[in-house]
Every structure is written in structure tokens, then in C-alpha cells.
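Working through the structure, step by step
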Amino acid sequence: MKKIVSRILIGLLVIVVIAVASGAFYFKSYLPNTIAPKSFPQTNGEIQVTGLNGKVDVYRDNMGIPHIYANNSYDLFFAQGYIHAQDRFWQMDFWRHIGSGSLSEMFGEGQLETDIFLRTLGWKKTAEAEWAALDAESKAILQAYVDGVNAYIKDKDATELSLEYAILGLPILAPDYQIAEWTPVNSLTWGKAMAWDLRGNMDEEIQRAVLLKTLTPEQLKQLFPEYPQDHPVIVNKIGDGSANTNPTFTHTFDYAQLPLDQVAYNASLLDPVLGEWNDGIGSNSWVVSGKLTDTGMPYLSNDPHLGIQMPSIWYQIGLHCVEKNDNCPFEVAGFSFAGVPGVVIGHNDKIAWGFTNVGPDVMDLYIEKVNPENPNQYEVNGEWVDFESYEETIYPAGGEAVTVTVRSTRHGPVISETFGALKNEGDPEDKEFVPFNERAGIELPEQYVIALKWTALTPSTPFEAIWGFDKAENWEEFREAASNFHVPAQNLIYADVEGNIGYQMPGDIPIRKNGDGTLPVPGWTDDYEWIGFIPFEEQPYTFNPEEGYIVTANNQVPPNDYPYFISADWDYGFRADRILTMIENAPAQIDIAYLQQMHGDSYDANAEVFVPIMQAQDWKFAKDNEAVAFDTLADWDYQDRIESTSAAVFNAFWRAFLKNTFNDDISEKRYYADGGSRWNEIMRKMAQTPNDPFWDDKTTTDVVETMPDIIKKSFSEGVAELEGIFGKNVATWNWGDMHASTFRNGTLGESGISLIEDLFNRGPFPTSGGESLVNATGWSVRDGYETNWLPSMRMIVDLSNLNNSQTVHTTGQSGHAYHPHYDDMAQLWADVSYYPMWWEQESIVSDSEAHLILMP
């Protein structure tokens, strides 16, 4: 969130300088010891709450996880809203300002650009339409939740809700900020934020077009290889196996000069608040049937990969109807989003389920012709039609109201012109300036804009499906609920107490008249329109497969002969392949201990390919330390463990290796090689061609380098970097410290002012794993080794005994800095350790540290 707070650094520094003598006391003593505890919620005793129909019991176990028992659905979700607000209201409040495009109301004019782009996308308007269209049962769930949130925040001072409001209330920030009541739309907008976070291929679509400025189509194809045939797909056989009939892209439009900088910039405005898109962000899940397990019943494992943050994106909870019946059909436990009712991932008394992202291509960029004589019109099939438009007013803290006009075409919002139409680059007065259409030498409109068509901008909410999962009792009811899961499409794995396992891919996946969505397309004709969606009954699924397991890790879903196009941008299957290998080579019947070992597996497939190649080279080391470092690779098992010197050496080499191989060929820094499964596959293929032109360093005009040259140069540079990090004693080099996880508050925790950051941030925690490993802790070749995304929780459900299930998520249950449950899970998570996922009330009560009774 550095962009949010960097705008206020000067003002804050003034405050700190003025109060140098007392500043340390204020931030290090007064705020933590006097102000912070004001926000710690009451968790014991009895509270009378207006709006409840009957008694609600809330037991908090030893990890601070609440288990709610109510006599009716209204009270159950009312209590969930109340408890979410107790522990996470700042997080909820921040998230709703993202969803509504009103961040500047909290953080001032520095967030106007972001707000304008969010208003352009129209998430709040879409959510308002969703609320109007919900059925009565869904509305009742949401309204009960909203009532509970508002019952808690009513009449409370801001600092009673969270410590962050004490900082926000400083004169230089937003001293007049007023906390508004929660609304159903505030909950529904979070579905849009998650859809953006898991958005699919828009970034790759832009990247392909930009790279065509300097690369040939053949080179581009090499940098976006096809899914490897030696890696697994999720569903091996579907239907009659007819060939893929998706039309291919045939337009002769030249993208080499298409200026997409403004589109990329606008999209990047959301990176500080929702995280930068990375092709490694995804998830792992697998389910094994009883014929492979020690209990004779299934185990289901899941670890969703999301950006690192503080507090955790997840809020663990149990929701129990005292007597399960038609009027109160919920008995469910697992992981929720603070701000949304229900359990997103988890299990009920009959079934368990988990998610990984499908990553389908559900976003297309359309180039729209603008009328040169009337900028309020664009072309559709030879006729000029008016843009749809409306005004949005934004009220930034400390500033004047700003009114902006949002324009849309038949395809969706215009995302290239938030601050002016995306057309000619450069200054016309510059003698060397050549208009874009002349530079391109192609048939581009004289004036144009770029519009985004995206399934998430059509009213639908994933939460109706989730509430269906929460009460489903079998595979048929689970699939019925899944049919309502429109966006973001998820790989849904399933297991039940009858011993069944299954998989379903849901979602609105477009069928295109022409094209495959990998590049922007002309919007002024119907040639590239969406003509429908893949019917749910024809989407990939499997039930009790013969092999006895199902693995999903964002890899390709269907077999190659599936008749519909889903995506050209799958994860390349390194994690899926490793998970499958561990299942098929399990030393005995699979048990919970083995599943935990799988979660923590840090096997580096890059090392498996390149360490033998490195060892086969003829080495003449320039420095003694290079020889010492190289020797650490000799007996390495390719596991990127915390204490591993070998992993430190290899990853430092790998970072330099990618830079030295590709950065001289790619003109724009934002598209430099950054690691992840796609780059792993590119390098795996190039390892077979030591004279590939990409190995040549274009900056050395007097020599043509080959793979051995780049390997040696990169190893030397990697060792030098490690000496700079750790010193010259190779024995002190270790991967865990290089790759440590620091959990930062998503707003004030990235201010650049240590006194404020220290209030909210926790870490660093030495961390194992890495990019495209099963223990998927991401890092950036461009930015450094620090963990930037991670398994946001790990869950193992035992279908033979739900009370024996295990889990952990990052940081802790509480969102209140200095609360005992603010960061008590962080070290467990870093150690790949677990705690019980209690289910039976007797165990919950026995392990409880608090019992709160809510009474009407």
C-alpha cells in the first residue's frame, strides 16, 4: 500500500519532527499500551444486542477461533457479522472502500487515480444490481449479517474498533472521517475485488501486444509456450473426445505498435491495494479416496495462494445451528472473508470442499473506433452510436469533491482514457514525432479507445454458490450450487462422509465467434463477439475417478481434445506434477502426517534440470568462494528448505540466470523475466538448445554467447550477490533468511515511517519454499527474494473423523495489533505446522479460552 501512504509522508514526518522527544513514547508506549487495548473485543460474559431473536453462544478456542451456536439462521449470520466486526472491522472498512472506489475518502487525494479507475470498472454499480437480483433466502442471509455488523459498530468510537483509526485521525490524514453503516452492497463488492485478484489473462494480453513491438511472432510464441504434454491435466477424459473447435484469430491487425501503456498503468493502480498480478499466484488442492488412505476414507487438502498481508485474508469460523432443520440448515466450519457471511472453504457435517483458481480467459480488450467529428460516439458495424456515460463524484479527505465521467461501449467500460484517450504518443510539436497510425503503417482508427469486456462486470455473485456449498449434503447438491458460481471460476474439489470424491469446473467461460482472447481485437464489427458461454453440463468434472485421487494446481483443466477453449495461459503444471508424483509414490497408505509433508514440500524442479547441466561444465572459478558455493550443490536434494545453503546458492544463480538470458531482449522493464511457471517452462525447453538466440547477450557485439557462457556468468554474479547479503562465510548463507516473510498491514504498514510500521507489521519469519513449488512462497526476480505471495492457509480435512482435521493460516484471527491472537499463527505457518480444526462441540468447549453469550 506504499502508494496510499507515500502521499502523506511529508505531513507525518512533520508531526514526528515536531514531537521528537515525545514521539517515541507516543508510538512505542501510549498507542500500544493505552489505545490498542481499547479495540480488543469482549469475548467472555454476556452482551445484550438489539436485533437478535434468541440466545447465541460463541466459544473461542485456544487459537481465538469463534464457534457460533444459534437457534435460527438469522441469529447465526447476525452473530457472524457481529464477530467479524469485533475482530476485523478496519480490514472490512478498507476492503469496502476498495470495492466502492472511495479510498481517497480515507487516504486523501493521492488515491484519486485509483478511485477513478475503480469507478470506471463499476464494481459498486454491478454489486447494486446483484443485490436487487438476489433471491429472498440470499437477501435474508446478507441482511442478517449486515444487521450484526451494524449492531457491533453502533455508538462506538473509531479507536474502539481498531488502532488504525487513531493514526487515520491525525490532523494531516482524515481527522473528519466518519465510519458509515455496513450495507449488503459492501459485502457483495468484495466478490469483485477477488475476481480482479484472480482475474485471468488481461495482463498477458497486454504483455503479448507490447512485446510484439520488438520481438517476432516466433519469439513471442517461445516466451508463451504451450502447456507441456508431460505435465498432468485435471480431468483426463470428457465426453466423446471431439477436437477443439474454438475459432482461431484470423484478423491481420498488427499489434506491434499498439500503445497499451495507459491501460497497463490504469490496471496497475490496483496493485498496491489488491496485489500485483503474478502467474504463480494460484493454489494447490488435492483429494485422495479411501482406497489410498490409512482410514479407508478420503482426505481433502487445500492451500490457496494469495498476496502476503496483515492481517490474514481469511477469518476462520464455525457456524452451527443448534438443531439443524429446514429453518436453520447450517452446520459448517472453515474459512470466511471478513465482510461476507458464510464459509468460503471448509466442510459441513456431510461434505468438504476446496478451491484453486481456474484462470480462464474471461477478459477481452476491444479497440473501439471513435468518431473523429464527435468524440461521444463510437462505431458499431458501420454506424456511429453514442457511448453510454454517467457521472461519479468522489469526496477525497482534505480536498474538494471531484466529478468524473465514466464511458462504456457495448463491450464494457473504457479503461484507456481515465485521464485522456489512449491514442497518439508523444508531442506533436516534436520534429521527430510521428502519429501512431503512420508509425504502425496499418489500418488503425484515427481515434480510438480500449474497452474491457469481463464476466465479473455482469451481475452475479459467487456467494450464492458458497452459501449453497455450506448446506449441501451430497455431490448432486454440491454441483447444483456450483452451477451458480459464475466468476472467478474455481477448480472445486469435493469429498464426502460416504467416501466419494469429485471435481467440478464452474464459471462463465465465453465462446468467441473468432479469436482466442490472447490479443486485443477490433470492436467495431461483430467478428470477435462472445456468442455464449460453455454450458455448465459440458464443463469439465469427474466423480470417483478410477485412479483414486484428483489434483488441481492451476494447471490445464481439460484434455487437449476438449471441444471448447478455456485458456491459453494455464500455470505450467510443475506443482501439479510434483503433487501427483508424491501421491503415486507414497511410501504406504496416505495419512495426515504425509499430507502435511506434501504441503511443506519444497522440491525445486528448476534445480533438477540445471544443476546437472552446471556440474557438467568445465569450470575455472575466479574466486575461492565460487568453488565453495558450487560444492554445496553436489549432494543437494533440490529442496528449498529454510536452513539450506544450496537453495540460497541456486536461487541467487537462477535470478541472475533469468536476467542475463532475457533482459537484453525485452525492451520494457515491466515485462522483464520475473520467475514463475512460465519462465520455468521456457528455460526447461531452452536447456535442450544451448545455441538458442536468446542465450546471446545483445549488449556484447563482438561475441555470441551460448548457454554455458550465461550459466558461468550468472553463477559468479549470484555468488557475489550472496556475499553482499551474508558476507563471505558460505556457511552462514541460508535460503530462509533470504526469502523471509514479513507480514505488513495493507495500509499503514507500508508508510515508510518505522514508528508507524512497527505498530502493525510483524516479521521477518524465515521461510522455505519458492516459486512454482508445492510449498508455493513466491518471490520476484525483478524485486528480490522476500516472500511476496504465499499459501494463505493450509487445510487437511479428514472425512473419517471431521474432528481430526488440521489447519493453519497466516498471522492470526485478530486484526487488532498487540492482541494475543494478532500474530500467534505466523510462526506455525512458517514452520508448516498445524492446529486442530475442531468440529465437535465437546472438543470446542474443552479447548475454549472464552465463552460469550449474545442475548436479545
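Scroll up a little and you will see the structure.
Fair warning: this is a prediction, and the values are worked out from it, not measured in the lab.

**Some remarks on the sheet that holds strand 15 (residues 448-454)**
On the basis of which strands lie adjacent, the open sheet formed by 3 strands has the order 15-10-19 and mixed pairing. Pairing within the sheet leaves two strands with one partner each, and these edge strands are strand 15 and strand 19 (521-522). For strand 10 (residues 363-369) and strand 15, the ladder comprises 7 bridges, and the chain directions are antiparallel. Paired with Tyr366 across the two strands is Ala451, which belongs to strand 15.

**Focus on helix 19 (residues 574-584)**
Helical geometry note: an α-helix holds 3.6 residues per turn, so side chains three or four residues apart project in the same direction. If you check which residues of helix 19 are buried, you get Phe574, Arg575, Ala576, Ile579, Leu580, Met582 and Ile583. Against the buried residues of helix 19 lie strand 4 (283-288), strand 5 (299-307), strand 22 (549-552), helix 20 (592-599), helix 21 (605-615) and helix 24 (677-686).

**Topic: the packing of helix 17 (residues 462-471) against helix 18 (residues 475-482)**
Orientation of helix 17 relative to helix 18, taken along the N-to-C sense of each, is 170°, at an axis distance of 8 Å. The pairing of helix 17 with helix 18 is recorded here as roughly antiparallel in orientation. Here Ala465, Gly468, Phe469 and Lys471 of helix 17 lie close against helix 18, whose contacting residues are Glu477, Phe478, Ala481 and Ala482. Its residues assigned to classes, the contact of helix 17 with helix 18 comprises 5 nonpolar, 1 polar and 2 charged.

**Notes on the packing of helix 21 against helix 23 (residues 645-662)**
Taken N-terminus to C-terminus, the directions of helix 21 and helix 23 make an angle of 90°; their axes are 12 Å apart at the nearest point. Taken together, the axes of helix 21 and helix 23 lie roughly perpendicular to each other. Two secondary-structure elements touch here, helix 21 through Asn606, Ala607, Phe610, Val611 and Met614 and helix 23 through Phe650, Phe653, Trp654 and Phe657. Looking at the contact of helix 21 with helix 23 residue by residue, the classes come out as 8 nonpolar, 1 polar and no charged.

**Description of the side chain of Lys192**
Within the fold, Lys192 resides in helix 11 (residues 184-197). Lys192 gets classed as buried once you look at its relative accessible area, which sits at 3%. Within the structure, the side chain of Lys192 is placed 2.4 Å from the side chain of Glu130, a separation counted as a polar contact. Beyond its immediate sequence surroundings of up to four residues, Lys192 is in contact with Trp123, Thr126, Glu130, Trp454, Ala456, Thr458 and Ser460.

Rules used throughout
Residues numbered from 1 in each chain as written. Predicted model: local features only at pLDDT ≥ 70, side-chain atom pairs only at ≥ 80, totals over all residues. Heavy atoms only, no water. Pairing = 2+ DSSP bridges. Helix = DSSP H or I, 4+ residues; strand = E, 2+ residues; numbered from the N terminus. Buried < 20%, exposed > 50% of the residue type's maximum accessible area, 1.4 Å probe, protein only. Contact = heavy atoms within 4.5 Å. Axes fitted to C-alpha atoms, helices over the stretch in contact; angles between N-to-C directions. Parallel < 35°, antiparallel > 145°, perpendicular 65-115°, else oblique. Nonpolar A, V, L, I, M, F, W, Y, C, P; charged D, E, K, R; others polar. Polar contact = N/O pair within 3.5 Å; in protein donor to acceptor, adjacent residues only side chain to side chain.

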